[in-house]
Amino acid sequence: MTEIFDAIKKSAIDIKNLIETGDTSKSTNENSTGDTQLKLDIASDEIIEAIFKDVSCIKAIVSEEQEEIISLNENGKYLIAYDPLDGSSLVDVNLSVGSIFGIYENDFTGNNLVAAAYVVYGPRVELVIATDDVKMYRLINNEFKFMQELKLNEKGKLNAPGSTQNCWAPFHKKMIDEIFEDGYRLRYSGGMVPDLHQILLKGGGLFSYPGTTDRPKGKLRQLFEVFPFAYIYEKANGQAIDGFKRALEVETTHIHDTTPCFFGSNEEIKKVLKVYKENAK
Ligand SMILES: O=P(O)(O)OC[C@H]1O[C@](O)(COP(=O)(O)O)[C@@H](O)[C@@H]1O
Ligand SMILES: [Mg+2]
Ligand SMILES: [Mg+2]
């Protein structure tokens, strides 16, 4: 697995340089979820694919920006699903963005994840890797240096409520209001990677991207966004659910499937489970 983490580190340095100098305009393509791809999305995807192609333990890869699974090495052990540049439209307004990786064995399903990682491209470039524990590294002089282990507290102070508010179920709105009434502070940039990174580093809170009237199955993709962060939050002593059960138990019928999702420390997730059990059909 070390070769995979080394490949992720290499791609992170190339993508950091691309973000600083690359063309942020739109391409003429749409990805499988119907988003217009930015030239940066495509170039980041090409960087990662080219680097992963040289890693012999990788059997196959699939990217948020590609239609199909790509086979790499017949004798490889691992499958990797990745979002090369999450939140790419935020580059234009100079907010933080990220890359997300889920490493699987056998099949692309939540319960087959064996490791996950993400990179945050912000004022600093940081890499978080979860295997049995969750470790954070920072890019200093072109090398990733270990900084700290990440663990969530039982209860946090931050609330990151995603999606279009006028499409929320009334009980979801009431739950979010109550969390604010409990003293939580709003922290939402619109980039899943920096928003979840902030909650992890500040000890806890809740990030939610629920099902809504316009998108009953949410927006965030299971393989490329939800499963890797679910794995990371669980290994950091937190939880990730779809409202009713562990996010990692959500069934995948298509590689680009989305799911409602909630990530947080134990107290906040307990509240979401209670509210959703009482209210949702
Ligand atoms: O603007 P919204 O609806 O709150 O969505 C924000 C979410 O969409 C994302 O940008 C994902 O979309 P992309 O992969 O297309 O960038 C997440 O990073 C973020 O949490
Ligand atoms: Mg994304
Ligand atoms: Mg993306």
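Residues numbered from 1 in each chain as written. Chains lettered and ligands numbered in written order. Predicted model: local features only at pLDDT ≥ 70, side-chain atom pairs only at ≥ 80, totals over all residues. Heavy atoms only, no water.

As recorded by an unreviewed UniProt entry, the protein chain carries the name Fructose-1,6-bisphosphatase class 1 and is attributed to Malaciobacter canalis. Recorded under Pathway (unreviewed entry), the UniProt text for the protein chain is reproduced unchanged: "Carbohydrate biosynthesis." In UniProt, the protein chain has this text filed under Sequence similarities (unreviewed entry): "Belongs to the FBPase class 1 family." (UniProt positions renumbered as here; feature names shortened; annotations may be inferred.)

The UniProt record marks D83, D86 and E225 with the feature "binding site: Mg(2+) 2" (unreviewed entry), using the residue numbering of this structure. Look at the named residues: they lie 143 residues apart in sequence, but the longest C-alpha span between them is just 8.4 Å, so in the fold they bunch up. Tracing the backbone through its elements, the reader meets D83 in strand β5 (residues 78–86). We classify D83 as buried; its relative accessible area is 0%. With residues near it in sequence (within four places) discarded, D83 still touches E64, G98, S99, I100, F224 and E225. Here E225 shows up in helix α5 (residues 222–235). Of the polar contacts made by the side chain of E225, one reaches the backbone nitrogen of R221; its length is 2.8 Å. (Helix = DSSP H or I, 4+ residues; strand = E, 2+ residues; numbered from the N terminus. Buried < 20%, exposed > 50% of the residue type's maximum accessible area, 1.4 Å probe, protein only. Contact = heavy atoms within 4.5 Å. Polar contact = N/O pair within 3.5 Å; in protein donor to acceptor, adjacent residues only side chain to side chain.)

One open sheet holds the 8 strands; their spatial order is β4-β3-β5-β6-β7-β8-β9-β10, and the pairing between them is mixed. Taken across any chain shown, the strands that pair with only one partner, and hence form the sheet edges, are β4 (70–71) and β10 (143–149). Relative to strand β7 (residues 113–121), strand β6 (residues 97–105) runs antiparallel, the two being bridged by 8 bridges. Across the sheet, the residue bridging to G102 is A116, located in β7. (Pairing = 2+ DSSP bridges.)

Coordination sphere of the magnesium ion (ligand 3), protein contribution only: E64 (OE) and D83 (OD), at 2.3 to 2.5 Å. Between the magnesium ion (ligand 3) and the magnesium ion (ligand 2), both coordinated by E64, there is a metal-metal distance of 3.3 Å. Placement of E64 in the loop between β3 (58–63) and β4 and of D83 in strand β5 is noted, with a sequence separation of 19 residues between them. (Donors = N, O, S within 2.8 Å, 3.2 Å for Na, K, Ca; no water.)

On to the packing of helix α4 (residues 192–201) against α5, then. Orientation of α4 relative to α5, taken along the N-to-C sense of each, is 10°, at an axis distance of 12 Å. Considering the angle they form, α4 stands roughly parallel to α5. Two secondary-structure elements touch here, α4 through M192, V193, L196, I199 and L200 and α5 through E225, V226, F229, I232 and Y233. (Axes fitted to C-alpha atoms, helices over the stretch in contact; angles between N-to-C directions. Parallel < 35°, antiparallel > 145°, perpendicular 65-115°, else oblique.)

On the surface, a cluster of positive charge is made up of K157, R185, R187 and K202. Residue position: K157 is located in the loop between β10 and β11 (158–161). By relative accessible area, K157 is classed as exposed at 57%. (Patch = residues over 30% accessible without salt bridge, like charges linked within 9 Å, V, L, I, M, F, W, Y side chains within 5 Å. Areas by Shrake-Rupley, 256 points an atom, 1.4 Å probe, with all protein chains shown as cover. Salt bridge = Lys/Arg side-chain N within 4 Å of Asp/Glu carboxyl O. Lys, Arg positive; Asp, Glu negative; His and termini not counted. Charge placed at Lys NZ, Arg CZ, Asp CG, Glu CD.)

The next point concerns the pattern of salt bridges. Tallied over the entire structure, the rule returns 17 salt bridges. The salt bridge partner of E149 is K151, with a shortest N-O separation of 3.8 Å. Since its relative accessible area comes to 40%, E149 is described here as partly exposed. Notably, a salt bridge pairs K274 with E278, separated by 3.4 Å at the nearest N-O pair. Taken as a pair, K274 and E278 lie in helix α6 (residues 266–279) at a separation of 4 residues, close to a single helical turn. Residue classification places E278 among the exposed positions, given a relative accessible area of 56%. Salt bridges here are not isolated pairs; linked through shared partners, they connect E64, R221 and E225.

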